[in-house]
Amino acid sequence: MSAEYDRLEETRERSVPWKKWGPYLSERQWGTVREDYSEGGDAWNYFTHDQARSRAYRWGEDGLAGISDDKQRLCFALALWNGKDPILKERLFGLTNSESNHGEDVKEYYFYLDSTPTHSYMKYLYKYPQSAFPYANLVETSRRRSRQEFEYELLDTGAFDNDRYFDVFVEYAKSSPEDVLVRITVHNRGPEAAELHVLPTLWFRNEWSWHATGDRPALKLVSAGQPVNVVRASDPVLGERYLYCDGDATLLFTENETNTLRIFGVANRSPYVKDSINDHVVNGREGVVNPEKKGTKAAAHYRVTVKPGESQIIRLRFTDAAPVSFAKANGEPAGPFGLRFDEIVRSRREDADAFYASITPPSLSADAANVLRQALAGMLWSKQFYHYDVDKWLEERGSDPFKLARKASPRNDRWHHMYNGDVVSMPDKWEYPWYAAWDLAFHVLALTLVDPDFGKQQLKLMLRERYMHPNGQIPAYEWNFGDVNPPVHAWATIFTYRLEKAQNGEGDREWLKSCFQKLLMNFTWWVNRKDRSGRNVFEGGFLGLDNIGVFDRSAPLPTGGYLEQADGTAWMALFCQNMLEIAAELAMTDPDYADMALKFCEHFLWIAAAIGNVGGDTGMWDEEDGFYYDVLRLPDGRSQRLKVRSMVGLLPLCATTVFEGGVIAKYPEIGQRFQWFLQARPELRAAIHDPAKTNWAGRRLASILDETKLRRVLAKMLDENEFLSNYGIRSLSRFHADHPFVMHVGSQEYRVAYLPAESDTGMFGGNSNWRGPIWMPVNGLIIRALLQYHTYYGDDFKVECPTGSGRQMNLFQVAEEIARRLSNIFLRDKNGRRPVYGGSEKFQQDPNWRDCLLFYEYFHGDNGAGLGASHQTGWTGIVARLLHLFATLKSEDLCAGKIAYFEKQARATGVAAPTGG
Amino acid sequence: MTISGKQLVAIFVDRVSQQWVVRDPEGNFWTVPSLENPWDHRQPLEWRDEMELEAVPGHYKDILGVPF
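Residues numbered from 1 in each chain as written. Chains lettered and ligands numbered in written order. Predicted model: local features only at pLDDT ≥ 70, side-chain atom pairs only at ≥ 80, totals over all residues.

Draft legend 1. How the structure looks around the overall build of chain B. Scanning chain B from terminus to terminus reveals 0 helices and 5 strands. Walking chain B from its N terminus toward its C terminus, one meets helices and strands in the order β-β-β-β-β. In terms of overall size, chain B behaves like a compact globule, its C-alpha atoms giving a radius of gyration of 11 Å where 68 residues would be expected to give roughly 11 Å. (Helix = DSSP H or I, 4+ residues; strand = E, 2+ residues; numbered from the N terminus. Rg over C-alpha atoms; globule rule 2.2 N^0.38 Å.)

Written as structure tokens, this is what we have:
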């Protein structure tokens, strides 16, 4: 068993702060909503990458391969300079939404190679060209490209030609919770010796400027020269920390204060400002760094010349141990960088190896094990300190939510209750450096493989009064907290609870109860706000699926009227099932919840039946096509199905859950009331799977689709000419490649055609596409559903997969087949190529690139190439759970009930399974 | 210039004169120099035709020592 398990336990049981320091620095703080104080809410253009080096941030910090404490008072990151760039490389560069032909996109190559859940060991790789970074070329070429063309990538510029670049590896290893060893290894991959300026930088987040407190933190050089420079960091909250810098470096000090001359055109009160180190190193400016060697931002300036094919190592140590403690306590010959330094780094690396060995199923290939490990490393590196006090932000914009004549804020002025200041799992710390509630629920499914405590904390966080709206809405994301995302929080909650219950022998019922109470508020919000007619048919707008509809589903329809959404209603059916699962679990020890279980059982039936019945001849189900569609209700009373075969129509299939019958067995009276309800309302049962039908094991199935409809939808979903690609289930049927859906409103034509790669419109920013590509989270939902159906129907229920192939599979095998195809996006094929990297020969061939994995936002519907955000390990990290699941679970296991899955998972992660669970 | 009624404090920059400009709660406009204790050195704003006030985020008020 790895020592990492001990650290997790110490964190949980004794509050040892192993997670206090972690990769909580964002990759991009500029261009975010929280830093935007423009009148019109133009976040991208208000605070630009060009300003970022000179302008102090208000709410958070960013940097390269960085860490901070969990309140982000003190930050550490890397800055680099190749001697040719016009600025230091202090942060990642990328294009804004309007600069690129497919929306915002980071234009750098960096990789999250490793991390343990307590961040006791982490490894990051940044690839830095030796030639001048092509900032202008990237902007200008991208601007010229149309939406029909590919994105212009950094490799396309020639910046890595002849391998003239540095591989800069950054490793962190904790000797104790407060003692972080840093090892930077610079490889020269080019044909000639090359010099690199390496500037490990320590700085305080600027709070003092905005709060007028006298508590200003300070950095000061307390010991100078060879072999070690020592910087002391003093902070009124953190206390004292020391940065030990090994070897020959010049220490440069300035203040993390806005350069008001550059940003606002007003003279600085001090010459020492945020970009002073940049100006000193790059432009050779004198007088801009503090000769007294003190400030709030400091960098150790190393210059290393690396021969071709060789590497050099720079070592630092960030710790609460004062110099005197090294001198007298440890007996080390060379203070903080004695022999023990390399031993500790090696030991933490071995701990990480042992930890991942314990959770990696032995049946996985080495390549698959690498995919699993990097997926989880990416998720752990994607934690970020997210800070946003909306009320304060509104005030600073001149807006007061309690004054009727207030100055309007372009967004979020109804969310002034919000105070966020926590470490949160981000979708992508460059492209989406803000939490997204429904993404987060998916993140937890994978994060719980390595850190169930963090998963629980994240789910609870979104339900806290500082996040959830008083009316019960869960915040969507900072661009518009009031947007409506699919309600998947309850699913992630019961999943996480069951996993922990299997691992520990008992679940955290208090946590489950408290989540349930808040989820109840959220459920009520949905019912009262998104069911226009009170008929249990739901809307919700785009519901996370951006451009999937023929119209922008979040905007008023050009036809007038409204949409009855198959996905919105299906999501609510699933929400009901998950609430029923939670209530049923709690009812096992608390009778009060038995009533709630019945309530959600009946509510599910109302919603499911509404999907089946509502609308008469123009309901969501299309008998001719054997598929579900959104229904357009026009102002004149006419209705029409919008016959776009998309993920929208597959989501009713996902609203299914098996129940073991525990509540009915324990509370016969509840069973009698349920029976009475079913007998009194036979029309509800007629349109859906009959919930009264038990299978051979006495299980019941809550499902919108009866067996006939299930088979018909599966026939479409598993047809390679429709949804089933070699790399998972497409978001839109390939049928629409030759048969676009077209609708005319007045003189305007609206069209949906199969687009397997990038979007060709600007809808929802144009940087995502649900009209063909493969998206991991909804594929995960489909796999969950198939396993539920299999648990109910058993081995004998078989379908043809792929449709027309003649191969019959049970639904476990179908789920496994989809998971295999999804995993194949990342795995090397028989030719050694990874589909995720498409036609990029550098990534496919070069040994220094080909095993570094990127977990993109979505994938080409035909060839599996990665698209959209390149570091969205967030929900794409689900691939780790899928690899793990099908390497540990067999079809026959599910015959013992779905809890068997959680018990198998518990055993497979090296933690004892319960004896009585 | 005075505007009736209490208003939120607002900060601006005038790039022409390269000075901070602050509107206090009474609606009075002040120029504030880039010195130590800047608010103590404020002067009533003298409006000029070429002035273009650009809004600055409210959190800069503490840097300028604005007491409101």
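Draft legend 2. Geometry of the overall build of chain A. A tally of regular secondary structure across chain A gives 29 helices and 34 strands. Whereas a compact globule of 917 residues would reach a radius of gyration of roughly 29 Å, chain A reaches 28 Å, a difference of no more than 12%. Seen along its three principal axes, the alpha-carbon backbone of chain A occupies a region of about 85 × 65 × 60 Å. Out of the 917 residues in chain A, the part that is buried amounts to 56%. Long-range pairs, those at least 24 residues apart, make up 69% of the contacts in chain A between residues at least 6 apart in sequence. (Buried ≥ 20, exposed ≤ 12 C-beta atoms within 10 Å, placed from the backbone. Contact = placed C-beta atoms within 7 Å.)

Draft legend 3. Structural view of the sheet that holds strand E24 (residues 639–642) of chain A. Residue and element names in this part refer to chain A. What the 3 strands build is an open sheet, ordered E20-E23-E24; its pairing is antiparallel. Looking at which strands have only one partner, the edges of the open sheet turn out to be strand E20 (562–564) and E24. Neighbouring strand axes in the sheet, compared pairwise and without regard to direction, differ in orientation by 30 degrees on average. (Pairing = 2+ DSSP bridges. Axes fitted to C-alpha atoms, helices over the stretch in contact; angles between N-to-C directions.)

Draft legend 4. Representation of the confidence of the model for chain B within the structure. Taken as a whole, chain B shows an average pLDDT of 88; of its residues, 91% reach a score of 70 or greater. The ipTM for the predicted assembly is 0.92, set against a pTM of 0.95. (pLDDT = per-residue confidence, 0-100.)

Draft legend 5. Quick peek at the interface of chain B and chain A. Listed per partner, the contact involves 15 residues of chain B and 17 residues of chain A. Sorting the residues of the side of chain B that touches chain A by element identifies strand E1 (10–14) and strand E2 (19–23) of chain B as the ones contributing at least two each. Of the residues contributing to the side of chain B that touches chain A, the split by class is 8 nonpolar, 5 polar and 2 charged. (Nonpolar A, V, L, I, M, F, W, Y, C, P; charged D, E, K, R; others polar.)

Draft legend 6. Local environment of the sheet that holds E1(B). All names here are of chain B. On the basis of which strands lie adjacent, the open sheet formed by 5 strands has the order E4-E3-E2-E1-E5 and antiparallel pairing. Looking along the sheet, the strands with just one partner apiece sit at the ends: strand E4 (43–44) and strand E5 (53–56). In terms of strand pairing, strand E3 (residues 29–32) meets E4 through 2 bridges, oriented antiparallel. The residue of E4 that forms the bridge with Thr-31 is Gln-43.

Draft legend 7. Focus on the packing of helix H14 (residues 489–504) of chain A against helix H16 (residues 566–587) of chain A. Residues and elements named next belong to chain A. Between H14 and H16, the least distance of the axes is 8 Å, while the angle of their chain directions is 30 degrees. The angle between H14 and H16 falls in the class roughly parallel. Viewed along their axes, H14 and H16 form a crossing whose handedness is left-handed. On H16, the residues that touch Ala-490, Trp-491, Thr-493 and Ile-494 of H14 are Leu-574, Phe-575, Asn-578, Met-579, Glu-581 and Ile-582. (Parallel < 35°, antiparallel > 145°, perpendicular 65-115°, else oblique. Left-handed = near helix turned anticlockwise from the far one by under 90°.)

Draft legend 8. Looking closely at the environment of His211(A). Residues and elements named next belong to chain A. Counting through the fold element by element, His-211 comes out in helix H5 (residues 208–211). Take His-211: there are 11 C-beta atoms within 10 Å of it, and that puts it in the exposed class. Separated by 496 residues in sequence, His-211 and Glu-707 have C-alpha atoms that sit 63 Å apart.

Draft legend 9. Region of interest: unusual backbone geometry. For the bond running from Cys801(A) to Pro802(A), omega is -10 degrees, close enough to zero to count as cis. Inspection of the secondary structure puts Pro802(A) in the loop between strand E31 (798–800) and strand E32 (808–810). Its identity is not glycine, yet Asn536(A) carries a phi of approximately 70 degrees, on the positive side. Secondary-structure assignment places Asn536(A) in the loop between helix H15 (509–530) and E20. Taking the C-beta count within 10 Å as the criterion, Asn536(A) has 22 such neighbours and is therefore assigned buried. Its identity as a non-glycine residue notwithstanding, Asn37(B) has a phi of 45 degrees, on the positive side. Note on placement: Asn37(B) falls in the loop between E3 and E4.

Draft legend 10. Quick look at the environment of Pro452(A). By the secondary structure assignment, Pro452(A) is in helix H13 (residues 452–463). Those residues in contact with Pro452(A), other than ones at most four positions away along the chain, are Thr496(A), Leu499(A), Glu500(A) and Gln503(A).

Draft legend 11. Inspection of the pairing of strand E7 (residues 121–129) of chain A at higher detail. Residues and elements named next belong to chain A. Within E7, 9 of the 9 residues are buried, which leaves the element mostly enclosed by the surrounding structure. With burial as the criterion, each face of E7 is covered, one bearing Tyr-121, Lys-123, Leu-125, Lys-127 and Pro-129 and the other bearing Met-122, Tyr-124, Tyr-126 and Tyr-128. Strand direction decides the pairing type here: strand E6 (residues 109–115) and E7, joined by 6 bridges, are antiparallel. Within the sheet, the bridge partner assigned to Ser-115 lies in E7 and is Met-122. What sits between the antiparallel neighbours E6 and E7 is a turn of 5 residues, in which His-119 has the positive phi angle 60 degrees. By the bridge criterion, 9 bridges tie E7 to strand E8 (residues 165–176) in an arrangement that is antiparallel. Within the sheet, the bridge partner assigned to Tyr-124 lies in E8 and is Val-170.

Draft legend 12. Quick look at the confidence of the model for chain A. With 97% of its residues at a pLDDT of 70 or more, chain A shows a mean pLDDT of 93. Throughout residues 911–917 of chain A the model reports pLDDT below 50, and contacts reaching past four residues in sequence, or to other chains, amount to 14 contacts.

Draft legend 13. Structural detail: the environment of Asn259(A). All names here are of chain A. Checked against the element boundaries, Asn-259 lands in the loop between strand E14 (250–254) and helix H6 (260–264). C-beta crowding within 10 Å serves as the criterion here: with 24 such atoms nearby, Asn-259 is assigned to the buried category. Other than its neighbours up to four places away in sequence, Asn-259 contacts Ser-54, Asn-268, Val-273, Lys-274 and Asp-275.

Draft legend 14. Main features of the packing of helix H12 (residues 437–447) of chain A against helix H28 (residues 878–888) of chain A. All names here are of chain A. Look at H12 against H28: their axes get within 7 Å of each other, and the N-to-C directions meet at 40 degrees. Taken together, the axis directions place H12 and H28 in an arrangement best described as oblique. The two elements H12 and H28 meet at a crossing, and its hand is left-handed. For the pair H12 and H28, contact is made by Phe-442, Leu-445 and Ala-446 and by Ile-878, Ala-880 and Arg-881, respectively. Its residues placed into classes, the contact of H12 with H28 shows 5 nonpolar, no polar and 1 charged.

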